[in-house]
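One letter stands for each residue in the lines below.
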Amino acid sequence: MTKGITRQRIVAAALELLDDKGIDGLTVRALATRLDVRAPALYWHVRDKQELLDEMATEVMRRVTGALAAIPPGAGWRDDLAAYARVLRAEYLLHRDGARTFSGTRLTDPDVVRLKEPWFERWAAAGWTPADADDAVDLVTAFVVGFVIEEQERRQAAETDPTRHSLARREDWLGDGAALVKEAGRLLDDGDRRFDRHLGIVLDGLAARPVG
């Protein structure tokens, strides 16, 4: 085992590499170079790239749950889920390709998963079953992942070609006879407000379903 190399150091360096190079540049060889070790030394701590991604996602979720712990409990499930969605989005946006990288990963720290228990206990008082609660968290997570993937892809594409998502070019391309489509399209640049608007639709859907 290479002296001084720990799983924590590997994960921290991997997150830095992700931010610098994106998911396509996150390779075991590149990570070993950043840590100034040979690639086989990393396999003492992580068996493969998937395990590395799982560890990175777990660290990100530790930060999410830490941020949520600093927020006073909301008035109910809707406030809790809204706070979770906003914190998760903010954390994903801190990392290049964040949502795409961490989606589909498996958390490796049971303490992170257990932090959902207080939520589920509060929501049970409102008549939710554990299945209702877990479905709601999964749905909101999937919404945030999809929203941020699209958000980050558009942002990174604009860095290469600032005109790619130009509203003026889009409206010229659409031509005449699409006034309502053009009006709706002007909302696409509305980052935070668009997120909150879409999140509200998701939460309204959860509120409308029967529970218990």
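Keep in mind it's a predicted model, so treat the numbers as computed, not measured. (Residues numbered from 1 in each chain as written. Predicted model: local features only at pLDDT ≥ 70, side-chain atom pairs only at ≥ 80, totals over all residues. Heavy atoms only, no water.)

**Brief notes about the UniProt feature "DNA-binding region" (unreviewed entry) in the protein chain**
- UniProt's entry tags residues 27–46 with the feature "DNA-binding region" (unreviewed entry), counted in the numbering of this structure.
- Across residues 27–46, the secondary structure splits into 60% helix and 0% strand, with the terminal C-alpha atoms separated by 13 Å. (UniProt positions renumbered as here; feature names shortened; annotations may be inferred. Helix = DSSP H or I, 4+ residues; strand = E, 2+ residues; numbered from the N terminus.)

**A look at the packing of aromatic side chains**
- For the coordinates displayed, the defined rule picks out nine aromatic pairs.
- Each ring, one from Trp119 and one from Trp123, has its centre 5.5 Å from the other, and the planes form 25°; the classification is stacked. With Trp119 and Trp123 both in helix α8 (residues 117–124) and four residues apart, the pair spans about one turn of that helix.
- Taking the relative accessible area as the measure of exposure, Trp123 reaches 1% and is therefore buried.
- With a centroid separation of 5.8 Å and 55° between ring planes, the pair formed by Phe143 and Phe147 is classed as tilted. Residue Phe143 and its partner Phe147 are both found in helix α9 (residues 130–160); the two are separated by four residues, about one turn of the helix.
- Members of the aromatic cluster, connected to one another through ring pairs, are Trp77, Tyr84, Trp119, Phe120, Trp123 and Trp128. (Phe/Tyr/Trp six-rings, centres within 6.5 Å; stacked < 30°, edge-to-face > 60°. Buried < 20%, exposed > 50% of the residue type's maximum accessible area, 1.4 Å probe, protein only.)

**Details of the pattern of salt bridges**
- According to the stated counting rule, one finds 21 salt bridges in the structure shown.
- With its nearest N and O atoms 2.6 Å apart, the salt bridge here joins Glu51 to Arg47.
- Relative accessible area serves as the criterion here: at 12%, Glu51 is assigned to the buried category.
- Given the relative accessible area of 65%, Arg47 is considered exposed.
- Between Arg89 and Glu151 there is a salt bridge, and its shortest N-O distance comes to 2.6 Å. You can see Arg89 sitting in helix α5 (residues 77–93) and its partner Glu151 sitting in helix α9, a full 62 residues away along the chain.
- Judged by its relative accessible area of 9%, Arg89 falls in the buried class.
- Sharing partners across several salt bridges, the network here consists of Glu59, Arg62, Arg63, Glu91 and Asp109. (Salt bridge = Lys/Arg side-chain N within 4 Å of Asp/Glu carboxyl O.)

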